Amino acid sequence: MIEADGAGRTFTVRRRVVHAVRDLSFRVAAGEFVACLGPNGAGKSTTIKMLTGILTPTSGRIRVAGLDPSRRRTALARRIGVVFGQRTTLWWDLPLRDSLELIRLLYKVDRKVFRERLDEMCDLLDLGGFLATPVRQLSLGQRMRGDITAALLHDPAVLVLDEPTIGLDVVSKAEVRDFLRRRCAERGTTVLLTTHDLSDVERLCRRVLLIDHGRLAFDGTLDGLRATAPGATSIEEVVTDLYLRSRTTPRTPPPAPRPTPDGPSGTA
Ligand SMILES: Nc1ncnc2c1ncn2[C@@H]1O[C@H](COP(=O)(O)OP(=O)(O)OP(=O)(O)O)[C@@H](O)[C@H]1O
């Protein structure tokens, strides 16, 4: 359902080339719920932007739901839902209900189907009390429920979640996670979750992709990830250990010593 084959993305900043993502290859099958982890600046957002068609890869190939995201953005929009925890896709000044109605029109969701889905979301995410409230007046937890509803109204096959529980209190977090787990399992939705909250990962995902310095550093089960640090007592310790090790790894290989008539130099 999600395929990356040697995908890479560079940016040129003041004539310097930044390799945000390099040679990324992985596959996510239909119905999998996969976490994407990595330290700050590892390349997670760049990866998500390539998967959702916001950025075009500068090398390699990406397919989501059988489509090239950057070339088929409109077609992809019908098959994918995206939640950016730090940004809203809703209309700030409109009541939540009107924002959702606009999304219904954009995605051409049948009015009756929309009403059924919205009723279901109201039950599961307890939206009823604030559907008439302008988005700018919603609490973070309410806004996040609205954003998740907006991402699922067209029943996408693929859901990309970028820090969907950031800033939520423990109860709201548990409710949002519970909803996502049940709803995505019922519908067979394929989910890629990016987060720094490891309890999200433990509760939702069996498989983890770890991106480090723009490369795929680990692809396996959560148990496999734990096995990389046998002495660690929690997933936080495992990941802390990995991230600390990554800080001591150079981002790019050091330049090869330049040969001189007397032999290699630059090592003294
Ligand atoms: N538009 C851009 N122009 C230049 N460099 C960029 C751009 N976007 C990202 N980068 C660089 O690419 C690298 C990866 O950034 P990215 O935002 O993908 O990391 P991240 O894993 O999402 O980090 P975080 O967890 O902090 O959000 C960083 O070195 C970043 O500075």
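None of these values were measured; they are calculated from a predicted model.

## Here we look at the packing of helix α3 (residues 96-106) against helix α5 (residues 140-152)
Packed helices, taken two at a time, are described by their axes: the angle between them and the distance between them.
For step 1, the next point in the chain: Remark: α3 packs on α5, axes separated minimally by 10 Å, with the N-to-C direction vectors making an angle of 20°. One element, α3, and the other, α5, form an angle in the roughly parallel class. Judged by the twist between their axes, the crossing of α3 over α5 is right-handed. The residues of α5 that touch α3, namely those facing Leu96, Leu100 and Ile103, are Gly146, Thr149 and Ala150.
For step 2, the next point in the chain: For the contact of α3 with α5, the class distribution of residues is 4 nonpolar, 2 polar and no charged.

## Comments concerning the sheet that holds strand β2 (residues 16-28)
For step 1, the next point in the chain: Read across the sheet, 3 strands follow the order β2-β1-β4 without closing on themselves; strand pairing throughout is antiparallel. Taken across any chain shown, the strands that pair with only one partner, and hence form the sheet edges, are β2 and β4 (59-64). Averaged over all pairs of adjacent strands, the angle between their axes in this sheet comes to 30°, without regard to strand direction.
For step 2, the next point in the chain: Where strand β1 (residues 2-13) and β2 come together, 9 bridges link them in antiparallel fashion.

## Some details on the packing of α3 against helix α4 (residues 111-125)
For step 1, the next point in the chain: Relative to each other, α3 and α4 sit at 135°, their axes nearing to 11 Å. When the axes of α3 and α4 are compared, the pair comes out oblique. Between α3 and α4 the crossing geometry is right-handed. Touching Arg97, Leu100, Glu101 and Arg104 of α3 are Arg111, Phe114 and Leu118, all from α4.
For step 2, the next point in the chain: A breakdown of the residues in the contact of α3 with α4 according to their chemical character gives 3 nonpolar, no polar and 4 charged.

## Remarks on helix α9 (residues 235-247)
For step 1, the next point in the chain: The end-to-end C-alpha distance of α9, which contains 13 residues, comes to 18 Å, matching closely the 18 Å that a straight helix rising 1.5 Å per residue would cover.
For step 2, the next point in the chain: Taken together, the buried positions of α9 are Ile235, Val238, Val239, Leu242, Tyr243 and Ser246. Seen end-on, α9 carries its buried residues on one side only, within an arc spanning 125°.

## A word on the UniProt feature "domain: ABC transporter" (unreviewed entry) in the protein
For step 1, the next point in the chain: Listed under "domain: ABC transporter" (unreviewed entry) in the UniProt record, and renumbered for this structure, are residues 2-238.
For step 2, the next point in the chain: Structurally, residues 2-238 is divided into 36% helix and 27% strand, and its ends, taken at the C-alpha atoms, are 27 Å apart.

## Here's the deal with the sheet that holds strand β5 (residues 80-84)
For step 1, the next point in the chain: Strand order in this open sheet of 6 strands is β5-β6-β7-β3-β8-β9, and the pairing throughout is mixed. One side of each edge strand has no neighbouring strand; the edge strands of this open sheet are β5 and β9 (215-221). Across the sheet, the axes of successive neighbouring strands diverge by a mean angle of 15°, strand direction being ignored.
For step 2, the next point in the chain: Across 4 bridges, the pairing between strand β3 (residues 33-37) and strand β8 (residues 207-212) is parallel. Paired with Cys36 across the bridge in β8 is Leu209.
For step 3, the next point in the chain: Running at roughly 165° to β5, α5 makes contact with β5 and β6 (158-162) of the sheet.

## Quick notes on the site of the ligand
For step 1, the next point in the chain: Neighbouring the ligand are Phe11, Val13, Ala20, Pro39, Asn40, Gly41, Ala42, Gly43, Lys44, Ser45, Thr46 and His196.
For step 2, the next point in the chain: In this structure, Asn40 approaches the ligand through a side-chain N or O atom, which is 2.9 Å from an oxygen atom.
For step 3, the next point in the chain: Of all elements in the fold, only β1 and α1 (44-51) reach the threshold of two or more residues within the shell around the ligand.
For step 4, the next point in the chain: Looking at which element gives the most residues to the shell around the ligand, the answer is α1, with 3 residues.
For step 5, the next point in the chain: The class makeup of the residues in the shell around the ligand is 5 nonpolar, 6 polar and 1 charged.

## Some points on the nonpolar core
For step 1, the next point in the chain: Among the nonpolar cores identified, the biggest contains 49 residues, and Leu37, Leu100, Ile148 and Leu225 are the most heavily contacted of them.
For step 2, the next point in the chain: Contacts of Leu225, omitting those with residues within four sequence positions, involve Leu37, Val208, Phe218, Ile235, Val238, Val239 and Leu242.
For step 3, the next point in the chain: In this structure, Ala7, Ala42, Met50 and Ala65 belong to the second largest nonpolar core, which totals 27 residues.

Cut-offs used in this document
Residues numbered from 1 in each chain as written. Predicted model: local features only at pLDDT ≥ 70, side-chain atom pairs only at ≥ 80, totals over all residues. Heavy atoms only, no water. Axes fitted to C-alpha atoms, helices over the stretch in contact; angles between N-to-C directions. Helix = DSSP H or I, 4+ residues; strand = E, 2+ residues; numbered from the N terminus. Parallel < 35°, antiparallel > 145°, perpendicular 65-115°, else oblique. Left-handed = near helix turned anticlockwise from the far one by under 90°. Contact = heavy atoms within 4.5 Å. Nonpolar A, V, L, I, M, F, W, Y, C, P; charged D, E, K, R; others polar. Pairing = 2+ DSSP bridges. Expected span 1.5 Å × (residues − 1). Buried < 20%, exposed > 50% of the residue type's maximum accessible area, 1.4 Å probe, protein only. Arc of directions from axis to C-beta. UniProt positions renumbered as here; feature names shortened; annotations may be inferred. Near = heavy atom within 4 Å. Polar contact = N/O pair within 3.5 Å; in protein donor to acceptor, adjacent residues only side chain to side chain. Core = buried A, V, L, I, M, F, W, Y, C linked by side-chain atoms within 4.5 Å.

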